[in-house]
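# Remarks on the overall topology
Residues per chain, in single letters:
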Amino acid sequence: MPEPTRSAPSPAEPPAGHPAGFPGGPALFRLDPRVAHLNHGSFGAVPLPVQETQAALRAEAHADPDAFFLSVPDRLAAARARIAAHLAADPDGLAFVSNATEGANLALDAVPLADGDEILVTDHGYGTVVAAAARRAPVTTVALDPHLPDEDAVRETVLAALTPRTRVAVLDHISSPTARIIASPRLLADLRERGVTTVVDGAHAPGMLAHPLAGGADFWFGNLHKWGYAPSGSAVLAVAPQHRPRVRALVPSWEDHHGFPRSVENRATADYTGWLAAPDGLDLIERLDAAKVRAHNSALAAHGAALLADIPGLTPLPHTDGLAMRALLLPPGVAETPDGARALREELAARLRVRVLIWPRQGGGGIRVCGQIYNRPGEYARLAAALPEYLGRAVSRA
């Protein structure tokens, strides 16, 4: 493979050896073309066909509110069944929720705990999900070295941290900052054998993984508005049959008597149009050929990470093949605090017009790049060519 170039290639004719653009991909989104959007994993982006579906639903609600809202429970059930078919899930065990954090709270509230019981989390966990665990019981935090080579090493580290008081393990399916698999099917099976209830944060799984519910967690929640092309505020919570009777809505509603999942979904006069439009996002991925979308996004993320890895001081982290996110560690002195990470992220956005995730870490923070069908190889080259200057400034400020 030829040495990657740092000059921005033509989007229409990428240099030999570089990933090609996804045909028609950029045209499906209404993103600012002046900005390199390399951070799909944080907020996602809604394709135009899904935006149009949601707009039509909103128009329907405004035209006849009574008819619309009275139909919502049954229409949500139909939309949920479509989502379940894409995820190979039981529609009776799946509920729409607003985001992964809400799913975490619903799951943890449904787990019976006694005095002295503990919840295991990892230092790769998402902050608000870890906070939800800490509200329920004392937590044990497993430190996962970002350089652990593979899923087996992660599994062994988690299992070694269990104590006789561990009742619940809250684990990322795909970790947000470090972009790697943690809750592997083998680890979930081992925890199940030890009597530990598993709560899996699958925020990045729908749309990125072919089989997001593989492994059979007790509770699993995932965002649809990231890699599933759904409108913002769309997520699902999947619950194993034995736990469903204990799942209670955080706020009571007129659907409580139906139990899970309808009791969790009803929000009175809320905006349900995003949930009702959400199946269209996964439908679109299938029409585009889901396997091709996943392969393209993974190849782009790998290409971007390879360019960044050529920058002195940047260290690529081990990754799971097939994921559309890659992470690298930044040099010492860069993004070591939340304020430092935020400053670098905002400087790259304001001056370079590149959106990436910068996450804080003592000894040098990290950078995560994503691949999506609207991205082009030249956008990663643009970041790689300019990043050393910004890193130098960040070190001088530290």
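What counts, and at which threshold
Every chain begins its residue count from 1, and numbering advances along the sequence as written. Reporting in this predicted model follows two pLDDT cut-offs: at least 70 for local features of residues, and 80 or more for side-chain atom pairs to be given and counted; totals over whole chains, interfaces and linings ignore these cut-offs and use all residues. As a convention, hydrogens and water are excluded, and side-chain values are obtained from all of the structure's heavy atoms. The buried label applies to any residue whose accessible area, calculated with a 1.4 Å probe on protein chains only, is under 20% of its type's maximum; exposed applies above 50%, and partly exposed to all values in between. Where helices and strands are cited, they refer to DSSP runs of H or I of at least four residues and of E of at least two residues respectively, numbered from the N terminus. Whether two strands pair comes down to DSSP finding at least two bridges between them. With the strands pointing away from the viewer, any crossover whose connection runs clockwise from the first strand over the helix to the second is right-handed. Any Lys or Arg side-chain nitrogen found within 4 Å of a carboxyl oxygen on Asp or Glu counts as a salt bridge. Residues are treated as being in contact if the distance between any of their heavy atoms lies within 4.5 Å. Note on geometry: axes are C-alpha line fits, over the in-contact stretch for helices, and angles between N-to-C directions span 0 to 180 degrees. Throughout, nonpolar core names a set of buried Ala, Val, Leu, Ile, Met, Phe, Trp, Tyr and Cys residues whose side chains join them through atoms within 4.5 Å. Pairing of aromatic side chains requires ring centres within 6.5 Å, counting the rings of Phe and Tyr and the six-membered ring of Trp. Pairs whose planes differ by under 30 degrees are stacked, by over 60 edge-to-face, and all others tilted. Any angle that is under 35 degrees is reported as roughly parallel, and any over 145 degrees as roughly antiparallel; angles of 65 to 115 degrees are reported as roughly perpendicular and all others as oblique. Here a crossing is called left-handed whenever its near helix is offset anticlockwise from the far helix by less than a right angle, and right-handed whenever the offset is clockwise. For this analysis, a polar contact is any N or O atom pair within 3.5 Å, provided that within protein one partner can donate a hydrogen and the other can accept it, and provided that sequence-adjacent residues contribute only side-chain to side-chain pairs. Confidence scores here are pLDDT values: one per residue, from the predictor, ranging 0 to 100. Only Asp, Glu, Lys and Arg are considered charged, only Ala, Val, Leu, Ile, Met, Phe, Trp, Tyr, Cys and Pro nonpolar, and every remaining residue, Gly among them, polar.

For strand E5 (residues 166–172), the buried fraction is high: six of the seven residues fall into the buried class. As judged from the three bridges shared by strand E3 (residues 118–122) and E5, these two strands associate in the parallel manner. Across the sheet, residue Glu-118 finds its bridge partner in E5, namely Thr-166. In the sheet, E5 pairs with strand E6 (residues 197–201) via five bridges, with the strands oriented parallel. Considered in E6, the bridge of Val-170 is made with Val-199. Following the chain from E5 across helix H7 (residues 185–193) to the adjacent parallel E6, one finds a crossover that is right-handed.

Applying the stated criterion across every chain, the model contains 17 salt bridges. Arg-244 is paired through a salt bridge with Asp-90; the nearest N and O atoms lie 3.1 Å apart. Of the two residues, Arg-244 is situated in the loop between strand E8 (235–239) and helix H8 (262–265) and Asp-90 in the loop between helix H3 (65–87) and strand E2 (94–97); the sequence distance between them amounts to 154 residues. A residue is classified by how much of its surface remains accessible, and Arg-244, at 16% relative accessible area, is buried.

Right, let's get into the sheet that holds strand E12 (residues 357–359). Sheets are built from strands paired through backbone hydrogen bonds, the pairs being either parallel or antiparallel. Strand order in the open sheet formed by four strands is E9-E10-E13-E12, and the pairing between neighbours is antiparallel. Across the chains shown, the open sheet's two edge strands, defined by having one partner strand only, are strand E9 (315–316) and E12. Strand contacts of helix H10 (residues 290–309): E9, strand E10 (325–329) and strand E13 (366–370), with the helix running at about 15° to E10, the strand carrying the most contacts.

Moving on to the nonpolar core. Counting residues in each nonpolar core, the largest one holds 64 residues, and the members touching the most others are Ile-83, Phe-96, Leu-171, Leu-224 and Val-236. The contact partners of Leu-171, leaving out residues within four places of it in the chain, are Leu-120, Thr-122, Val-158, Ile-182, Ala-183, Leu-187, Leu-191, Val-199, Val-200 and Asp-201. Judged by nonpolar contacts, the second largest core, of 30 residues, contains Leu-328, Leu-348, Ile-358 and Val-369.

Quick look at the packing of aromatic side chains now. Within this structure, the stated rule accounts for six aromatic pairs. Seen in terms of ring centroids, Phe-29 and Tyr-374 are 5.0 Å apart; in terms of plane orientation they differ by 75°. Their pairing is edge-to-face. One end of the pair, Phe-29, is in the segment before strand E1 (36–37); the other, Tyr-374, is in the loop between E13 and helix H12 (377–397), and 345 residues separate them in sequence. With a relative accessible area of 7%, Tyr-374 lands in the buried category. Pairing Phe-68 with Phe-69 gives two aromatic rings, centres 5.3 Å apart and planes at 85°, and the pair type is edge-to-face. Taking relative accessible area as the criterion, Phe-69 reaches 29% and is therefore assigned partly exposed. Grouping aromatic residues by their ring pairs yields a cluster made of Phe-68, Phe-69, Phe-96, Tyr-272 and Trp-275.

With that settled, the discussion passes to the sheet that holds E2. One open sheet holds the seven strands; their spatial order is E2-E8-E7-E6-E5-E3-E4, and the pairing between them is mixed. Every other strand in the sheet has two partners, leaving E2 and strand E4 (139–142) as the edge strands with one partner each. Averaged over all pairs of adjacent strands, the angle between strand axes in this sheet comes to 20°, irrespective of strand direction. When E2 meets E8, the two strands line up antiparallel, connected through four bridges. Bridging across to E8, Leu-94 finds its partner in Ala-238. Contacting E2 and E8, H3 crosses the sheet at an angle of about 110° to E2.

Below, the discussion takes up the environment of Glu-265. Its location among the elements puts Glu-265 in helix H8. Overall, Glu-265 belongs to the buried group, its relative accessible area being 2%. Distance from Glu-265 to Glu-255, taken between C-alpha atoms, is 8.4 Å for residues ten residues apart in sequence. If we ignore the near neighbours within four places in the chain, the residues touching Glu-265 are Leu-76, Arg-80, Leu-94, Ala-95, Phe-96, Tyr-272 and Trp-275.

Further remarks concern the packing of helix H4 (residues 100–109) against helix H5 (residues 127–136). Running from N to C, H4 and H5 point in directions that differ by 20°, and their axes come no closer than 9 Å. Taken together, H4 and H5 sit at an angle that is classed as roughly parallel. H5 is crossed by H4, and the crossing has right-handed handedness. Facing Thr-101, Ala-104, Asn-105, Leu-108 and Asp-109 of H4, the residues of H5 in contact are Thr-128, Val-129, Ala-132, Ala-133 and Arg-136.

The next subject is the side chain of His-173. Within the secondary structure, His-173 sits in the loop between E5 and H7. There is a polar contact of 3.4 Å between the side chain of His-173 and the backbone oxygen of Pro-212. A polar side-chain atom of His-173 sits 3.2 Å from a polar atom in the side chain of Trp-220. If sequence neighbours within four positions are ignored, His-173 has contacts with Arg-180, Ile-181, Ile-182, Ala-183, Val-200, Asp-201, Gly-202, Ala-205, Leu-209, Pro-212 and Trp-220.

Per-residue confidence for the protein chain averages 93 on the pLDDT scale, and 95% of its residues sit at or above 70. In the model, residues 1–16 has pLDDT below 50 throughout and makes 27 contacts with residues more than four positions away in sequence or in other chains.

Turning our attention to the packing of helix H9 (residues 273–288) against H10. The interhelical angle for the contact between H9 and H10, taken along N-to-C directions, is 90°, at an axis separation of 5 Å. The orientation of H9 with respect to H10, classified from their angle, is roughly perpendicular. Each of Ile-285, Glu-286 and Leu-288 in H9 lies in contact with H10, whose residues at this interface are Ala-290, Lys-292 and Val-293. By residue class, the composition of the contact of H9 with H10 is four nonpolar, no polar and two charged.

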